[in-house]
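# Descriptive structure summary
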Amino acid sequence: MYEFDWSSIPGALPFLWEGMKVTLVITVQAVLIGIVWGTLLAMMRLSPIKALSWFAAGYVNLFRAVPLVMVLLWFFLIVPEFVGQLFNIPRGTDMRLSSAMAGFALFESAYYSEIIRAGIQSVPKGQISAASALGMTYSQAMRLVVLPQAFRNMVPLLLTQGIILFQDTSLVYVSALADFFGAAYKVGDRDGRLVEMLLFAGAVYFVICFSASLLVKRLQKKYSTA
Amino acid sequence: MIKITNVSKHYGDFKVLTDCTTSVSKGEVIVVCGPSGSGKSTLIKCVNGLEPFQAGEIFVDGTSVGDPKTNLSKLRAKVGMVFQNFELFPHMSITQNLAIAQVKVLGRSQEEAMDKGLKLLDRVGLKAQAAKFPGQLSGGQQQRVAIARALAMDPICMLFDEPTSALDPEMVNEVLDVMTELAHEGMTMMCVTHEMGFAKRVADRVIFMDQGRIVEDDSKEEFFANPRSERAQQFLAKILHH
């Protein structure tokens with residue numbers, strides 16, 4: 001029978017917190033960039049200009065058809081080479097965090113753009129007509145009338161996608177970057193207490209994600225009754 | 001003011017409008033009626049370019065609507081439009097609904113726009129609702145706000161696209177009253193509506209459409225007394241029975 005020994009956890013907490021910071025940084029910036037770039041992609045996709053629409057469709061389909069781990073590996077292995085040459089960054093500079101951040105942001109944008117596209121399409125067409133009839137240009141109608149309503153409808157979905165993203169950040173282990181999961185793994189391996197540490201890390205993920213999704217549910221209820 | 005000449009529109013093989021010609025002079029009130037699917041809403045939406053058309057010409061205040069060089073946004077800012085489903089902006093308060101286009105399109109100051117909005121709100125009898133949101137108002141109230149919103153742009157003419165069709169019967173009159181008052185003040189109006197009582201009281205001319213064609217275009221006296229086409233006779237017989 002395996003004997004659990006949790007005694008190494010308290011001492012590991014500062015190191016784990018460092019990892020959690022990496023996880024949060026990647027999550028937050030990917031959500032923010034994902035929403036901004038995703039909104040632009042969604043607007044391109046819905047635009048009457050064929051070239052923009054095709055570009056956005058191609059982008060979204062490409063990223064949605066490739067596993068996230070692979071995208072992260074590309075960004076980890078290939079991109080730093082090019083960027084390093086381009087900006088004259090000395091070889092061997094640690095670019096793991098920036099490549100991971102770029103990979104996540106570009107990957108998540110594809111998913112966010114689909115959520116946002118659905119949100120834009122959920123706003124009745126008459127709203128654009130009304131805005132246009134008042135003399136607004138297409139971009140004014142989008143900015144002032146359609147997008148604010150679309151985002152209000154989308155808040156729960158955007159947050160849920162953020163929770164999924166928070167979990168997916170653990171995939172940065174492919175680049176040996178010490179996010180929360182990576183930090184737990186390293187510490188557990190060092191102390192010979194891998195099982196306990198990973199169970200503990202799992203519990204932390206569960207508590208954070210589960211309470212976050214409860215919050216989203218409450219928010220959803222509040223919005224739907226408002 | 002509005003001049004429609006040989007306008008035709010089709011979706012693929014399906015003809016929505018065929019060779020429509022009519023005009024509206026300054027201060028005139030025109031009622032456009034006809035069975036559903038006759039193209040009357042489409043025609044009125046062509047006037048401010050919300051619907052494109054393939055053939056013919058429409059001039060509003062001397063500007064060609066179909067000309068690709070025309071700045072449609074600029075033209076639309078001068079033409080007020082009221083929709084069947086009100087289309088107030090649900091995420092803005094009533095005052096914001098009234099002010100936003102004045103500020104963003106006409107470049108008026110926030111205070112000036114608010115002022116004007118409140119005055120118009122008072123005129124349609126809804127000053128007390130200024131701080132509310134559209135969802136808190138009845139249909140009739142929403143439509144009156146929508147009319148005030150269009151008037152806030154100081155339009156040279158107003159288009160009404162079935163403004164009372166989505167309303168409960170007891171709210172129809174409050175909206176028609178506002179429209180009647182507007183007509184008496186000399187506003188140029190083109191109204192798609194089934195309200196024949198309104199047409200009889202207020203209209204100068206009545207246009208009857210069927211299957212995308214303008215079948216009758218007459219003074220209201222002539223139209224109601226002796227409609228020439230069989231289709232209009234049937235339509236009137238049915239609609240005036242109630």
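Now for a quick tour of the structure. (Residues numbered from 1 in each chain as written. Chains lettered and ligands numbered in written order. Predicted model: local features only at pLDDT ≥ 70, side-chain atom pairs only at ≥ 80, totals over all residues. Heavy atoms only, no water.)

Next up on the list: the overall build of chain A. What chain A contains, in helices and strands, is 9 helices and 0 strands. Overall, chain A shows an N-to-C arrangement of helices and strands of α-α-α-α-α-α-α-α-α. Here the C-alpha coordinates of chain A stretch approximately 70 × 50 × 25 Å along the principal axes. Taking all 226 residues of chain A together, 43% fall into the buried category. Put simply, 78% of the contacts in chain A that link residues at least 6 apart link residues at least 24 apart. Accessible surface computed for chain A: about 12300 Å², of which carbon and sulfur atoms make up 70%. Once the 17 positive and 12 negative side-chain charges of chain A are each reduced to a mean point, those two points are 19 Å apart. (Helix = DSSP H or I, 4+ residues; strand = E, 2+ residues; numbered from the N terminus. Buried < 20%, exposed > 50% of the residue type's maximum accessible area, 1.4 Å probe, protein only. Contact = heavy atoms within 4.5 Å. Areas by Shrake-Rupley, 256 points an atom, 1.4 Å probe, with all protein chains shown as cover. Lys, Arg positive; Asp, Glu negative; His and termini not counted. Charge placed at Lys NZ, Arg CZ, Asp CG, Glu CD.)

Attention now goes to the overall build of chain B. Across its full length, chain B holds 9 helices and 10 strands. Computed over the C-alpha atoms, the radius of gyration of chain B is 18 Å, within 12% of the 18 Å expected from 2.2 N^0.38 for a compact globule of 242 residues. For chain B, the C-alpha atoms occupy an extent of roughly 55 × 45 × 30 Å along the three principal directions. Here chain B holds 242 residues, and the buried ones make up 56% of them. The long-range fraction of contacts in chain B, counting pairs at least 24 apart against all pairs at least 6 apart in sequence, stands at 65%. Surface accessibility of chain B: about 10600 Å² in total, with carbon and sulfur atoms responsible for 48%. Here chain B carries 27 positive and 30 negative side-chain charges, and the mean point of each set is 4 Å from the other. (Rg over C-alpha atoms; globule rule 2.2 N^0.38 Å.)

Further remarks concern the sheet that holds strand β2 (residues 14-24) of chain B. Residues and elements named next belong to chain B. The antiparallel open sheet is built from 4 strands, whose spatial order is β2-β1-β4-β5. Among the strands making up the open sheet, the edge pair consists of β2 and β5 (63-64). Of the strand pairs in this sheet, strand β1 (residues 2-11) and β2 are connected by 7 bridges, and their pairing is antiparallel. Among the inter-strand pairings, Lys-3 is bridged to a residue of β2, identified as Ser-23. (Pairing = 2+ DSSP bridges.)

The biggest cluster of nonpolar side chains holds 47 residues, and the ones touching the most others in it are Ile-147, Met-158, Phe-160, Met-179 and Met-189 of chain B. Tallying contributions element by element places helix α6 (residues 169-184) of chain B first for this core, with 8 residues. Here Met-179 of chain B is in contact with Ile-147, Phe-160, Pro-163, Met-189, Cys-191 and Phe-198 of chain B, once residues within four sequence places are set aside. Leu-144 of chain A together with Val-24, Met-92 and Val-192 of chain B belong to the second largest nonpolar core, which has 41 residues in total. (Core = buried A, V, L, I, M, F, W, Y, C linked by side-chain atoms within 4.5 Å.)

With that out of the way, let us pick up the sheet that holds strand β8 (residues 189-192) of chain B. All names here are of chain B. What the 6 strands build is an open sheet, ordered β6-β7-β8-β3-β9-β10; its pairing is mixed. Looking along the sheet, the strands with just one partner apiece sit at the ends: β6 (79-82) and β10 (213-219). Each strand axis lies, on average, 15° off the axis of its neighbour in the sheet, ignoring direction. Summarising the sheet, strand β7 (residues 157-161) and β8 pair through 4 bridges and their orientation is parallel. In the strand pairing of β8, Leu-159 is matched with Met-190. Contacts from α6 reach β3 (29-33), β7 and β8, with the element oriented near 150° to β8. (Axes fitted to C-alpha atoms, helices over the stretch in contact; angles between N-to-C directions.)

For the rest of this paragraph, the subject is the packing of helix α3 (residues 94-104) of chain B against helix α4 (residues 110-123) of chain B. Residues and elements named next belong to chain B. One can describe the packing of α3 onto α4 by two numbers: an axis separation of 8 Å at closest approach and a directional angle of 130°. On the basis of their axis angle, the class for α3 and α4 is oblique. In this structure, the crossing between α3 and α4 has a hand that is right-handed. Contact with α3, carried on its side by Ile-94, Thr-95, Leu-98, Ala-99, Gln-102 and Val-103, involves Gln-110, Glu-112, Ala-113, Met-114, Lys-116, Gly-117, Leu-118 and Leu-121 of α4 and no other residues of that element. (Parallel < 35°, antiparallel > 145°, perpendicular 65-115°, else oblique. Left-handed = near helix turned anticlockwise from the far one by under 90°.)

With that settled, consider the interface of chain B and chain A. With 20 residues of chain B at the interface, the matching set in chain A holds 17 residues. Taken together, the two surfaces of chain B and chain A that pack against each other cover about 1600 Å², and 66% of this comes from carbon and sulfur. Linking chain B with chain A are 0 salt bridges. Here chain B and chain A share 4 residue pairs in polar contact (both at pLDDT 80 or more) between them. For the side of chain B that touches chain A, the secondary structure elements donating two or more residues are α2 (72-78), β6 and α3 of chain B. Tallied by class, residues from the side of chain B that touches chain A come to 13 nonpolar, 3 polar and 4 charged. (Buried area = accessible area lost by both parts, 1.4 Å probe. Salt bridge = Lys/Arg side-chain N within 4 Å of Asp/Glu carboxyl O. Polar contact = N/O pair within 3.5 Å; in protein donor to acceptor, adjacent residues only side chain to side chain. Nonpolar A, V, L, I, M, F, W, Y, C, P; charged D, E, K, R; others polar.)

It is worth spelling out the environment of Glu-51 of chain B at this point. Residue and element names in this part refer to chain B. Residue placement: Glu-51 occurs in the loop between α1 (40-47) and β4 (55-60). Given a relative accessible area of 19%, Glu-51 falls into the buried group. Taking C-alpha positions, Glu-51 is 18 Å from Asp-61, a pair spaced 10 residues apart along the chain. Setting aside residues no more than four positions away along its own chain, Glu-51 makes contact with Lys-9, Tyr-11, Thr-42, Lys-45 and Cys-46. At 3.3 Å, the side chain of Glu-51 forms a polar contact with the side chain of Lys-9.

Our focus in this paragraph is the state of the cysteines. Tallied over the full model, the rule gives 0 disulfides over all chains. Counting only cysteine sulfurs, Cys-46 of chain B is the nearest neighbor of Cys-20 of chain B, a cysteine outside any disulfide, at a range of 8.5 Å. (Disulfide = S-S within 2.5 Å.)

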